[in-house]
Each structure stands twice: as C-alpha cells, then as structure tokens.
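Read off the chains here:
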Amino acid sequence: MDYQTQRNLFKAEERRSETIIWATNIFCLADGIVQTTTVLNRFEKSNVVSNKSHTLAYSIIGLQELNLCYKYDPIYWDTANLIVDSGAVNEDANDATNYGKMAVAIAMVQKENVRVELPLINTAEFGFKPDVENHRIIFGLKGINGIGTDIVQAIIKNRSFISIEDFARKIIDTKIVPTSKMVQLIKAGCFTELHSKDRRATMDWYLRTYVFKPSEKITMQQFKKLEELNIIPDSLDLPMRMVNFKKYVLDDEGLYKKYVEPGKKIPKCGYHDRFYILDQNSQPFFKKYLSENSVVDVHGEYYIISEKKFVKEINEKTQPLKQWFEESDTLQLYNEALYSQVWKRYADGSLPHWSMEALSYYDEEHELENVDESMYGIVNFFELPEEPETYDYYTRYIKGEPKAIPKYTIVRIAGTVIRTDNFHCTITLLTKYGAVNVKMNKGRYAFYNRQIATKLDPTSDKKTVLEKSWLSRGSLLLIAGIRRDDNFLPMVYKDTIYNHTVNKILEVHEDGSLLLQQERVEV
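Values in this document were obtained by computation on a predicted structure and should not be read as measured data.

The rules behind each value
Residues numbered from 1 in each chain as written. Predicted model: local features only at pLDDT ≥ 70, side-chain atom pairs only at ≥ 80, totals over all residues. Heavy atoms only, no water. Axes fitted to C-alpha atoms, helices over the stretch in contact; angles between N-to-C directions. Helix = DSSP H or I, 4+ residues; strand = E, 2+ residues; numbered from the N terminus. Parallel < 35°, antiparallel > 145°, perpendicular 65-115°, else oblique. Contact = heavy atoms within 4.5 Å. Nonpolar A, V, L, I, M, F, W, Y, C, P; charged D, E, K, R; others polar. 1 Å grid on protein atoms, 1.4 Å probe; cavity = no way out; pocket = protein on both sides within 12 Å on 5 of 7 lines; lining within 4 Å. Points joined across faces, edges and corners; volume = space filled by probe spheres on them. Pairing = 2+ DSSP bridges. Core = buried A, V, L, I, M, F, W, Y, C linked by side-chain atoms within 4.5 Å. Buried < 20%, exposed > 50% of the residue type's maximum accessible area, 1.4 Å probe, protein only.

**Q** Mind laying out the packing of helix H8 (residues 199-211) against helix H15 (residues 351-359), listing which residues take part and the relevant values?
**A** The description of two packed helices rests on the angle between their axes and on the distance between the axes. It is the contact of H8 with H15, at a shortest axis distance of 11 Å, that shows an interaxial angle of 75°. As far as their axial angle goes, H15 and H8 are roughly perpendicular. Between H8 and H15, the contacting residues are Arg199, Arg200 and Met203 on the first element and Leu351, Trp354 and Ser355 on the second. Within the contact of H8 with H15, the residues separate by chemical class into three nonpolar, one polar and two charged.

**Q** Describe empty space enclosed by the protein, listing the residues and the values that go with them.
**A** Evaluated as defined, the whole model comprises one cavity of 30 Å³ or more. Its boundaries defined by the atoms lining it, the largest cavity holds a volume of some 80 Å³. Classifying every residue of the lining of the largest cavity by side-chain character gives six nonpolar, two polar and two charged.

**Q** Help me get a handle on the sheet that holds strand E8 (residues 295-299), residues and values and all.
**A** Across the sheet, four strands lie side by side as E6-E7-E9-E8; this open sheet has antiparallel pairing. Since the sheet does not close on itself, it has two edges, and those belong to strand E6 (255-259) and E8, each with one partner. Strand-to-strand twist in this sheet, taken as the mean axis angle between neighbours without regard to direction, amounts to 20°. Of the pairings in the sheet, the one linking E6 to strand E7 (residues 273-277) comprises four bridges and is antiparallel in character. Opposite Lys257, over in E7, you have Phe275 as the bridge partner. Against the sheet, helix H12 (residues 307-317) contacts E7 and strand E9 (302-306), and its axis sits at roughly 85° relative to E9.

**Q** So what's going on with the sheet that holds strand E3 (residues 115-117)? Which residues, and what values?
**A** Taken in spatial order, the three strands of this open sheet run E3-E5-E4, and their pairing is mixed. Each having just a single partner strand, E3 and strand E4 (129-131) make up the two edges of the open sheet. Shown here is a sheet whose adjacent strand axes are inclined to one another by a mean of 25°, direction ignored. Sheet topology places E4 next to strand E5 (residues 136-138); three bridges connect them, and they run antiparallel. When the bridges of E5 are listed, Lys129 appears paired with Ile138.

**Q** Report on the layout of surface pockets, specifying residues and quantitative values.
**A** What the largest pocket holds in volume is close to 840 Å³. Contributing to the lining of the largest pocket are 30 residues, with Gly349, His353, Glu367, Leu476 and Leu506 lying nearest its centre. Counting only elements with at least two residues in the lining of the largest pocket, the list comes to helix H14 (328-347), H15 and strand E19 (502-508). Looking at the lining of the largest pocket element by element, the count peaks at five residues for E19.

**Q** Give a detailed account of the nonpolar core, specifying residues and quantitative values.
**A** In terms of nonpolar packing, the biggest core is built from 66 residues, with Phe139, Ile144, Phe167, Met182, Leu185, Phe191 and Leu321 touching the most fellow members. Each residue touching Leu185, except ones within four places of it in the same chain, is listed here: Ile144, Ile147, Ile155, Phe167, Val177, Cys190 and Phe191. Among the nonpolar cores identified, the runner-up in size contains 19 residues, and Phe381, Leu384, Cys425 and Val502 belong to it.

Listed below in structure tokens is the structure:
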C-alpha cells in the first residue's frame with residue numbers, strides 16, 4: 001500500500017461519526033525481541049464497517065513501518081519503495097518497471113526535500129541507492145525509461161569507463177545499446193561526469209557520430225528533399241518551378257504518342273522520341289516561360305511537344321539551380337538542415353522534458369516553472385482549503401422540491417501527467433508545487449484518455465493515429481476545477497470564464513504565455 005492510499009484510509013476512518021476504541025494484543029519485532037504491544041485503533045462509525053481482523057492487519061503493518069522509521073533513517077524506506085516500483089528487487093527476475101508509481105514516489109520524496117540524483121554511468125547501481133549522509137537517493141539504472149535488465153547488467157559488467165569513447169567502444173560498437181536506448185541514457189544524464197555537464201553536448205556528439213550520415217554532394221535526386229527542407233533561396237523560385245513543371249508534363253497521362261523517325265534504325269526502347277500533349281494547367285505556364293521550339297503539333301487548343309527538345313530547354317532554365325547545388329555553402333546548409341531533422345526526431349524538447357521522459361521526474365526545474373500563472377489563473381493546490389469556497393447558489397429541483405445548490409470558486413492547476421489509473425478514473429498531475437491527484441468522472445476520463453484514429457486510405461483497413469491520449473505520461477495539462485479533500489475535481493460552470501475543464505499545453509513561450517489546445521481532434 002502506497003503512502004497516498006494509507007493517508008486516504010486513515011483520513012476516511014477519522015471522519016466517521018462515532019468513536020470506538022478497542023484494544024488487542026499483537027506481536028511486533030523491536031530491538032531483536034518479541035514484545036507484546038497494546039494497539040488502540042480509533043475510527044468513526046458509518047455505513048462501512050471495518051472488522052477487527054482487517055484493522056489488526058493494518059495495525060501490524062503500521063507498527064512495522066513505525067519500527068523501521070524509528071531505527072533507520074526514513075530515506076531507506078523511500079529508497080525501498082523506489083526499488084520495488086522500478087522492478088529492481090531481483091536483478092535476475094527481469095521485472096517490469098511501474099513508471100507511474102515510481103514517478104509519484106519520487107515526487108513525494110522530493111516534497112520532503114530529499115534530493116534524487118542522476119544515475120551516473122560509472123557509479124549508479126542496478127536499483128536505487130540511499131545516501132543518508134548527504135540526504136539523497138541515487139537513481140538506479142533500471143528505473144530509466146526503456147532500459148531493461150540486460151542493458152543494465154551489460155553496463156555494470158563492462159565498467160568502469162574512462163571516457164565517452166571508451167563507453168562507445170565497449171557498449172555502442174558491440175550493439176549492446178541501440179540508438180533509442182542510448183538516447184534515453186543521455187537524456188537521463190548518465191554521462192554528465194564522463195563527457196559533459198551539458199546533456200545537449202553529449203547528445204550532439206552521439207547523433208553526429210553514430211546516427212547522422214552527412215551527404216557528400218547534392219544532385220537533382222535530392223531536389224525533393226531540398227524543397228521539403230525549404231532551404232532553396234527565393235531567387236531560384238523559377239528554376240524550382242521548372243523542375244516541378246517538367247515532372248508534371250512528362251507524366252504518363254500526358255503521353256500522346258511514341259515517335260519513330262522514318263528511315264532511321266529503331267533503338268531498343270522502340271522509339272526515337274516521345275510526344276506529350278499539354279493541358280489547361282500546363283499550357284499557360286509553357287506559353288509564359290518557354291519557347292515554341294519543342295512544339296511539334298497542335299491538338300485542338302493544346303500543344304503537342306517533343307520530349308527531347310522540351311527537356312533540353314528545361315535543363316537550360318534550371319542551370320542556376322544546379323550551379324547553386326555545387327556551392328560548398330549549399331552542401332553545408334543542406335547537411336545542417338538534415339541534422340536538424342535528426343535532432344528533432346531523437347532530441348526534441350527542453351532539458352526538463354528530457355528528464356521527465358527518461359527519469360519520470362524533474363532533476364532541476366519543472367517544465368512549467370516560468371509560466372505566467374496570474375495570466376491563466378493557476379494556483380498552488382496545496383494552499384487551497386480542503387473544501388471548496390462557495391461564492392453563490394443556484395436552485396435545482398429534486399423530486400419536485402427546490403434545493404439551493406452551492407457554486408464553487410473555480411481555479412486552475414497546471415502540471416505533467418505522471419500516472420493514470422483507468423479503474424478509478426484518476427491521474428496524478430505533477431505541478432511545480434507537488435503531485436496532485438485529479439479525479440474525473442468516467443465520461444470525461446474516457447474522452448481525454450482515448451486515442452483518436454481513423455482510416456485515411458479507403459483501400460486499406462489500417463488506421464492512422466491522428467491524436468494520442470491527452471492523459472499519457474508526460475503530457476502537460478491545464479485543468480480547471482475545485483479542491484475537495486486531497487483530490488482536484490475538474491469542473492466549470494456555464495458562466496465560468498474558462499470554456500473547458502482540460503487544456504493541453506503545447507508550448508511554453510519565453511514570456512510565460514502558453515500555446516494551448518482546447519479541443520480534441522475531430523474525425
């Protein structure tokens with residue numbers, strides 16, 4: 001049972017209407033001997049009755065925890081929870097990591113001012129490790145997102161590493177760690193002592209050394225990619241249009257006939273030239289920018305042109321583009337644009353985002369640390385009263401009788417989704433002030449949790465994902481609602497200034513403003 005569940009249990013029992021006190025003898029281990037202890041359990045009477053055997057079991061657990069905290073620093077207990085959640089109890093068991101539970105546990109120890117340090121590649125152990133003297137916990141390699149038991153064991157077996165190149169020779173070159181896993185190790189800060197304190201520098205070294213393959217020259221075969229990268233200067237707009245015009249005109253649909261010149265030997269292809277007919281789209285462009293040297297006939301109002309003569313003139317028109325291809329600066333510009341795509345694929349996002357993605361916590365500041373909270377009505381959940389403030393009432397008829405229903409002051413919280421519970425329709429939102437339990441109704445939870453996909457190709461049964469769940473781990477959300485006890489309940493009224501209970505945060509601008517998505521993708 002985790003801390004939050006225990007707290008909810010005890011608070012629920014404290015709120016019962018009548019106090020019943022009873023005693024029983026139980027045994028607990030303390031100072032190496034068995035002692036008889038009298039335990040007084042107090043709870044209030046309600047419709048839900050806790051039997052004595054149930055209460056006794058939890059009392060024993062409570063005493064065991066109390067004994068551990070009395071004899072040992074609580075940091076050991078915190079570390080033990082993290083070891084279990086990260087699946088690192090048994091190195092040979094290959095247990096799965098519960099990233100959601102681990103993230104919540106880390107958030108709680110951080111709130112108690114316990115530092116959780118990065119898993120350095122030469123010193124981090126398989127699981128989490130307590131450091132009582134420095135009041136900190138060392139993150140375990142097994143807890144890194146996507147890093148399995150085999151990889152962790154291989155790293156420990158091959159260390160120590162004297163440099164990043166030494167690590168590469170032992171681990172990367174031997175194919176022990178593929179690209180996706182190496183990216184996670186870098187994002188987790190494993191090389192901040194071995195290579196650079198700046199994780200971005202280590203990522204740059206790895207991607208340029210092992211992932212990105214620069215082009216050695218540029219030809220017309222790369223034209224489509226150059227156009228996609230949008231790096232061709234505006235001064236070459238017409239040559240670019242000529243390239244695309246050539247492709248359009250010489251499409252098979254425009255083939256008029258294959259021409260064989262009388263008296264000449266027929267080549268293997270079966271013709272000497274091919275004639276193409278222009279259409280209503282190509283004819284105006286041809287008349288405006290090309291000569292009629294390639295025109296061999298007219299069919300109705302459209303030209304019929306010789307492929308050979310047409311291609312020759314087009315090649316002359318596109319010569320400035322080819323000359324630009326040959327410039328050394330162009331090759332450098334092209335390669336940097338290609339590298340930017342590689343970086344975006346593997347290393348997009350801020351350093352705090354990397355930490356959450358790889359470690360399930362923020363080792364430094366929160367992604368939303370610099371948001372202008374006053375602009376969006378964002379508050380500190382833990383400073384709110386446990387019961388919402390009433391600012392007005394409205395009348396609702398229940399069984400024909402009017403009843404005054406309170407209207408509560410609506411506030412907003414913002415944070416990162418670190419855990420979801422489909423059964424209870426709850427998410428844990430890590431705000432910059434701590435982890436908050438957000439309780440949704442079933443309909444709202446299902447709406448924001450579903451993945452939206454549809455068939456884009458009518459000839460295929462395969463669906464294309466248009467939008468992933470808003471409640472997936474790592475999503476940044478802005479939620480409007482009220483606090484009730486230890487939960488935040490999303491809600492708004494018709495006259496609330498906020499139109500939606502949940503907004504997805506897409507970007508945080510330098511001035512503290514947010515780029516928000518209010519509606520889900522429509523199919």
